[in-house]
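Reading the structure
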Amino acid sequence: MNPTNRPAASRPTAIYLRCYPYDAGFLLDFWSALSHYALATGLGEATVFLDNGRRSQDPLSSLEALLAAAAAGRVSAVVVPGPFVFSLDDEVARATVRRFEAAGCAVHELPDTHRRRPSARFAVAG
């Protein structure tokens with residue numbers, strides 16, 4: 001997991017993960033769960049974009065690379081554990097989801113088994 005190596009969007013599905021402080025073990029657990037979810041829901045294998053060890057207010061080069069790939073039409077779906085990976089600020093997180101959706105890229109949230117409602121596609125109001 002070398003943070004200087006940025007992935008190319010080689011598949012139409014991507015996974016985005018960010019954890020602060022840096023925690024490779026925690027991130028790997030989510031990586032595995034998101035990969036399985038993408039396969040189980042028919043989204044296919046995913047390219048993984050990581051900003052591990054970065055605060056949400058820091059420059060997030062992998063997130064920007066992923067947004068650029070979505071804008072270029074190379075990514076049509078992003079799977080995340082929740083919108084908090086984009087930012088802990090709810091407004092910023094929703095704005096990031098809107099940027100993906102404006103590019104024609106759906107954001108899928110990992111289902112939370114503790115919630116009653118089924119999770120499908122992350123929906124943003126307004």
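Structure report, in brief.

The rules behind the values
- For every chain, the first residue of its written sequence is number 1, and the numbers climb from 1 along that sequence.
- Totals for whole chains, interfaces and linings use all residues, but because this is a predicted model, local features are given only for residues with pLDDT of at least 70 and pairs of side-chain atoms are given and counted only at 80 or more.
- Derived side-chain values reflect all non-hydrogen atoms in the structure, with water molecules and hydrogen atoms excluded from consideration.
- A run of H or I in DSSP counts as a helix once it spans at least four residues, and a run of E counts as a strand once it spans at least two, with each numbered from the N terminus.
- Relative accessible area decides the class of each residue, using a 1.4 Å probe on protein chains only: under 20% of the type maximum gives buried, over 50% gives exposed, and in between gives partly exposed.
- By definition, residues are in contact when any of their heavy atoms lie within 4.5 Å.
- Where accessible areas are quoted, they stem from the Shrake-Rupley method and a 1.4 Å probe; at the residue level, only the protein chains shown are allowed to cover.
- Any pair of nitrogen or oxygen atoms within 3.5 Å is treated as a polar contact; in protein, a donor-acceptor pairing is required on top of that, and neighbouring residues in sequence qualify only through side-chain atoms on both sides.
- Salt bridges, as used here, are contacts in which a Lys or Arg side-chain nitrogen is within 4 Å of a carboxyl oxygen on Asp or Glu.
- Buried Ala, Val, Leu, Ile, Met, Phe, Trp, Tyr and Cys residues that are joined via side-chain atoms within 4.5 Å together make up what is termed a nonpolar core.

Below, the discussion takes up the overall build of the chain. The helix and strand inventory of the chain stands at three helices and four strands. Moving toward the C terminus, one meets the helices and strands of the chain in the order β-α-β-α-β-α-β. Expressed as a percentage of the 126 residues in the chain, the buried residues total 40%. Considering only contacts within the chain whose residues lie at least 6 apart along the sequence, 72% involve residues at least 24 apart. For the chain, the exposed area adds up to about 6,900 Å²; of that, 55% sits on carbon and sulfur atoms.

So, on to the environment of Leu 27. Inspection of the secondary structure assignment puts Leu 27 in helix H1 (residues 24-40). For Leu 27, a relative accessible area of 1% translates into the label buried.

Now for the side chain of Thr 13. Within the secondary structure, Thr 13 is located in strand S1 (residues 13-17). Polar contacts involving the side chain of Thr 13 include one to the main-chain carbonyl oxygen of Leu 43, which spans 2.7 Å. Residue contacts for Thr 13: discarding those within four places in its chain leaves Ala 38, Leu 43, Glu 45, Ala 46, Thr 47, Ala 77 and Val 79.

We now examine the pattern of salt bridges. If the charged atoms of two oppositely charged side chains come close together, the side chains can form a pair. Under the definition given, this model contains three salt bridges. The salt bridge partner of Arg 99 is Glu 64, with a shortest N-O separation of 3.5 Å. Placement of the pair is Arg 99 in helix H3 (residues 90-102) and Glu 64 in helix H2 (residues 61-71), with a sequence separation of 35 residues. Overall, Arg 99 belongs to the partly exposed group, its relative accessible area being 45%. You can call Glu 64 partly exposed: its relative accessible area is 42%. Across the salt bridge formed by Arg 94 and Glu 91, the nearest N and O atoms sit 2.3 Å from each other. Highlighted residues: Arg 94 and Glu 91, both in helix H3, separated by three residues, approximately one helical turn. What makes Arg 94 partly exposed here is its relative accessible area of 27%. Residue Glu 91 is classed as partly exposed on the basis of its relative accessible area of 49%.

The next subject is the nonpolar core. Membership of the largest hydrophobic core comes to 18 residues, with the highest contact counts inside it found for Tyr 16, Leu 66, Val 78, Phe 86 and Phe 100. Where this core is concerned, the elements lending two or more residues are S1, H2, strand S3 (77-80) and H3. With five residues, H2 is the largest single contributor of residues to this core. Once residues within four sequence positions are removed from consideration, Leu 66 is found in contact with Ala 14, Tyr 16, Phe 49, Val 75, Val 78 and Phe 100. Residues Ile 15, Ala 46, Val 48 and Val 79 belong to the second largest nonpolar core, which totals 12 residues.

For the peptide bond that leads from Tyr 20 to Pro 21, omega is 0 degrees, which places it in the cis range. With respect to the helices and strands, Pro 21 occurs in the loop between S1 and H1.

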